[in-house]
Amino acid sequence: IVGGRKEINMKDEKWRSEDGKQRIMQGWMKEFNTVVHDKKALRPIPLEESRVLRQQYPDRIMPSRLVLTEKDQEDGTFVVKARWTARGDRDPDLYSLVRDGRTQAPTISANGRFLVLQIIASLRFVLQLGDVTGAFLESDALSREHGPLFMDAPRHDLPGYEPGQLFEVIRPMYGLNDSPQLWFRKFRNTTTGLKWKQSRMDPCVFLLWDGDTLVGIMGVHVDDVLVGGRGELFEESLKLLKKQFPF
């Protein structure tokens, strides 16, 4: 239930054309609006304030980059998918995060995946697959003991913003080393709050019981979800889960 796309090569003539540049800008603007305006994961800081913060917190500023991939559409066309990521290797708290075990997050095991698929097949549940849209951005607010965390913009044109402006990190971002754990914690707490039980065999497997009857089973691998079930309790629980985490 995991896949990936190859990052585009900006030196390719395809992306140096006007059409290529336009597609890249469209993908970049969509990602920017999602991160800043929709999810409010980053707070734009005015240029003058950014200059002051660079003096106050020179060691709390991380670079960022834009990961661009080509995504095929159902109608045969393609769009550019942009992912704004923090440079986790330059995280000022990296050592303490590793020391405290905050960079670890469970991923579904092979046995867990086989179990979910086998139960769905054996109980004739309807199989559903999906990935949570902007999963890490759905996590609770980021909290770092050593002070606020800031990011520079990636090296791409950003209409309406000036070079040198900083962004304060409000929610876990892709690329931050503790984002996977924070995301899984949010997903687990939300899921168990909807009456699902976390498996003792695999922490990424969740079961939904109606009395003594198993009515739902779900496996999660980072932001990919594999789920099946039936009945009113299952349908209502899944509806509430999708409302919180669109997939």
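Here the structure is shown first, and the text comes after it.
Residues numbered from 1 in each chain as written. Predicted model: local features only at pLDDT ≥ 70, side-chain atom pairs only at ≥ 80, totals over all residues. Heavy atoms only, no water.

1. Focus: the layout of surface pockets
Summary: where empty space remains is shown by rolling a probe the size of a single water molecule over the atoms.
Okay, step 1: Approximately 220 Å³ is the volume found for the second largest pocket.
Okay, step 2: For the lining of the second largest pocket, the per-class residue count stands at 4 nonpolar, 2 polar and 4 charged. (1 Å grid on protein atoms, 1.4 Å probe; cavity = no way out; pocket = protein on both sides within 12 Å on 5 of 7 lines; lining within 4 Å. Points joined across faces, edges and corners; volume = space filled by probe spheres on them. Nonpolar A, V, L, I, M, F, W, Y, C, P; charged D, E, K, R; others polar.)

2. A closer look at the side chain of Ser179
Okay, step 1: Here Ser179 shows up in helix H6 (residues 179-193).
Okay, step 2: Using a relative accessible area of 0% as the deciding quantity, one classes Ser179 as buried.
Okay, step 3: From its side chain, Ser179 meets the backbone oxygen of Met173 in a polar contact 2.6 Å long. (Helix = DSSP H or I, 4+ residues; strand = E, 2+ residues; numbered from the N terminus. Buried < 20%, exposed > 50% of the residue type's maximum accessible area, 1.4 Å probe, protein only. Polar contact = N/O pair within 3.5 Å; in protein donor to acceptor, adjacent residues only side chain to side chain.)

3. A word on the nonpolar core
Okay, step 1: By size, the foremost hydrophobic cluster in this structure holds 31 residues, and its most contacted members are Phe187, Trp196, Ile217 and Met218.
Okay, step 2: Residue assignment for this core shows that the elements contributing at least two residues are helix H5 (110-122), H6, strand S9 (205-210), strand S10 (213-221), strand S11 (224-229) and helix H7 (232-244).
Okay, step 3: Considering each element in turn, this core owes the most residues, 5 residues, to S10.
Okay, step 4: Sequence-distant contacts of Met218, that is, excluding residues within four places in its chain, are made with Val116, Phe187, Thr191, Trp196, Cys204, Val205, Phe206, Val225, Leu226, Val227 and Leu241. (Core = buried A, V, L, I, M, F, W, Y, C linked by side-chain atoms within 4.5 Å. Contact = heavy atoms within 4.5 Å.)

4. Let's talk about the sheet that holds S9
Okay, step 1: In spatial order, the strands read S5-S11-S10-S9-S8; together these 5 strands make up an open sheet with antiparallel pairing. This sheet does not close on itself; its edge strands, each paired only once, are strand S5 (126-131) and strand S8 (196-198). Looking at each pair of strands side by side, their axes are set apart by 20° on average, direction ignored.
Okay, step 2: Inspection of the sheet shows S8 paired to S9 by 3 bridges, in the antiparallel sense. Following the sheet pairing, Trp196 is matched in S9 by Leu208.
Okay, step 3: Sitting on the sheet, H5 is in contact with S5, S9, S10 and S11, with an inclination near 145° to S10.
Okay, step 4: Against the sheet, H7 makes contact with S5, S8, S9, S10 and S11, and its axis sits at roughly 140° relative to S9, the strand it touches most. (Pairing = 2+ DSSP bridges. Axes fitted to C-alpha atoms, helices over the stretch in contact; angles between N-to-C directions.)

5. Quick notes on H7
Okay, step 1: Taking 1.5 Å of rise per residue, 13 residues should cover 18 Å, and H7 covers 19 Å from first to last C-alpha, within 8% of that figure.
Okay, step 2: Those residues of H7 lying buried are Phe234, Ser237, Leu238 and Leu241. Buried residues of H7 fall within an arc of 100° about the axis and therefore sit on the same side. For H7, exposure combined with an orientation more than 90 degrees from the buried face picks out Glu232, Lys239 and Lys243.
Okay, step 3: Close packing links the buried residues of H7 with S5, H6, S8, S9, S10 and S11. (Expected span 1.5 Å × (residues − 1). Arc of directions from axis to C-beta.)

6. Section: the sheet that holds strand S7 (residues 166-169)
Okay, step 1: With mixed pairing, the 4 strands of this open sheet are ordered in space as S1-S7-S6-S2. Edge positions in the sheet fall to strand S1 (42-44) and strand S2 (61-62), since each has one partner strand and no second.
Okay, step 2: Two strands pair when backbone bridges link them, and strand S6 (residues 150-152) and S7 are joined in this way by 3 bridges, in the antiparallel orientation. Within the sheet, the bridge partner assigned to Phe150 lies in S7 and is Glu168.
Okay, step 3: Relative to S7, helix H3 (residues 47-56) is tilted by about 65°, and along the sheet it contacts S1, S2, S6 and S7.

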